[in-house]
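One-letter residues, chain by chain:
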Amino acid sequence: MNPLEYDTKDINDYFLSLNSLYPKAYNKDTTSPYTKTRVILMNGTEYESVWFLHQFARHTNNDEIKNMIAVVRSQEQQQQKVIACLKPLNESILETTIGYEQLAIDLTATLAQNDRDKANVEALNFALLEDFDHLYRFSNLMLLDVKSANPQKLVGGFTEITPGRPTIAHHRYPKDNVKCAMNSNKSDIYSKLVAGIITAAEQQTMNYYMNISQWYKNDLGRKLYAEIGLVEEEHVTQYESLKDPNCTWLEQWVLHEYTEAYLYFSAYSEEKDEYIKNIWWKFYEMECAHLKVACELLKKYENTAYTKVIGDGKFPKLLTLGTNKKYVRDVLERTIMLTGDRQKYTDIMKLKDNADFFMYQDEIIKDEDKIPSHAVIEKAIKKFGKDYRYEDRPNPVVALRARTQDNTKIARKKN
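The structure presented is a predicted model; accordingly, all values stated were derived computationally and were not measured.

Draft legend 1. Region of interest: the overall build of the chain. Within the chain one finds 13 helices and 2 strands. Computed over the C-alpha atoms, the radius of gyration of the chain is 22 Å, within 12% of the 22 Å expected from 2.2 N^0.38 for a compact globule of 415 residues. If one aligns the C-alpha atoms of the chain with their principal axes, the spans along those axes are about 60 × 45 × 35 Å. For the chain, the residues scored as buried account for 60% of the 415 residues in total. Pairs at least 24 apart in sequence give 84% of the contacts found in the chain among residues at least 6 apart. Within the structure as shown, the chain displays about 18000 Å² of accessible surface, and the carbon and sulfur contribution to it stands at 51%. Across the chain, 56 positive and 60 negative side-chain charges occur, with their mean positions spaced 4 Å apart.

This is the structure we're talking about:
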């Protein structure tokens, strides 16, 4: 499929009526977990688009470009409002959070398995284990706070719930999260898509936790959202640093619109809910029109053909969301001990004793027992006799198999 070959209408014909901005929400009890995660992914993609276009508008004095940004951005805002309201009123903060973390795990694993860019794959695998652990921590919070909670049902049995690299070990000196940027002139289109997709997805998670922590109903939950929100800041720092900063604003705009078109067509191609499937197709059409506008402006004002940015426009392998249990287990077993070490990833046992990681850990962790991500597991163990897990078989890391004690040393302390 090539979005530039799709026969679109005039850009002004794509505005939505206010009455159409409030769709029928999905049924949280019967809808597939991957329909829910697609809704989260596309909401985050539109959020990224809106804020990118706002920043672009603040960095150009070209009236034609600024005016067209306003038109496209208004339509992107309408799309975002529709997608956001697909979430039902009776879906709780924690239920939504489980969806966010399941998306982070299965999206990251899928992208890593299909990308050929080594830096992208290393970054994806590294953060994968951390989002995997976040799912475990939030699931235990759910068991503590919600009667008849069933995280396994929420993930549909597609994603295991067991410790990853412990969240307490995620807190790194900020410079250790910044990685080498790709050269977009040498990178293939899939790798460019990967960097943009995962940045938008993790950014949405970061924003959600930034805004939701103060609304949670108890102190432990508020603290847990705040702590994990700081880790999502680290993930966004890592992923956005992979993107080529030398692209012009117009080149970035073309890539943004292409990414949206790619994701909507991917979502449409695998969606089973016919009502939502029609929304994905309708918004794909809109993105085809937006992409053409961006390509025309790139040619007009920079004399650059869109082929420099997106090749011939034909989509690479479409994105599919599904179970990745075996892959996650393999990455966990192989790379549990890694931490950020400036532009690379290093086994914690091989870090110098004066590494910034240890300095930063000592600075912000004064009492392990009071760290929220650890406290929630200890509280669950105290209440239920063991932590909550959903595993097909024991954790692949022997040191993480104990269910009556949370491991706060692995991937964090040399001893």
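Draft legend 2. Expanded view of the environment of K409. When you line up the elements, K409 lands in the segment after helix 13 (372-384). Spatially, the C-alpha atom of K409 lies 23 Å from that of L124, the residues being 285 residues apart in sequence.

Draft legend 3. Helix 13, seen in detail. With 13 residues, helix 13 ought to run about 18 Å at 1.5 Å a step, and its terminal C-alpha atoms sit 18 Å apart, in line with that. Along helix 13, the positions that sit buried rather than exposed are P372, S373, H374, A375, V376, I377, A380 and I381. Looking at the buried residues of helix 13, the elements they touch are helix 4 (118-145) and helix 7 (219-240). Once helix 13 finishes, G385 follows within two positions and takes phi at roughly 90°, a positive value.

Draft legend 4. Spotlight on the side chain of H256. Its location among the elements puts H256 in helix 8 (residues 249-270). Not counting chain neighbours up to four residues away, the residues in contact with H256 comprise E48, S49, F52 and K243.

Draft legend 5. Here's a closer look at the environment of A294. Tracing the backbone through its elements, the reader meets A294 in helix 9 (residues 274-302). In this structure, the C-alpha to C-alpha distance between A294 and L250, residues 44 residues apart in sequence, is 7.0 Å. Among residues more than four places away in sequence, those in contact with A294 are W253, V254 and E257.

Calculation notes
- Within each chain, residues carry numbers counting from 1 in the order of the written sequence.
- For a predicted model such as this one, the threshold for reporting local features is a pLDDT of at least 70, and the threshold for listing and counting side-chain atom pairs is 80 or more; totals across whole chains, interfaces and linings nevertheless cover every residue.
- Hydrogen atoms and water are omitted, and side-chain values are computed over all heavy atoms in the structure.
- Here a strand is any run of E in DSSP of at least two residues, a helix any run of H or I of at least four, and the numbering for each starts at the N terminus.
- All radius of gyration figures rest on C-alpha atoms, and the globule criterion is 2.2 Å times the number of residues raised to 0.38.
- Burial classification: accessible surface area is computed with a 1.4 Å probe over protein chains only, and a residue below 20% of its type maximum counts as buried, one above 50% as exposed, and the rest as partly exposed.
- Whether two residues are in contact is decided by their heavy atoms: any pair within 4.5 Å suffices.
- Using the Shrake-Rupley algorithm and a 1.4 Å probe, accessible areas are obtained, with residue cover drawn only from the displayed protein chains.
- Counting rule for charge: Lys and Arg are taken as positive, Asp and Glu as negative, and neither His nor the chain ends is counted.
- By convention, the charge on Lys lies at NZ, on Arg at CZ, on Asp at CG and on Glu at CD.
- Expected span of a helix, by definition, is 1.5 Å for each gap between consecutive residues, and there is one gap fewer than residues.

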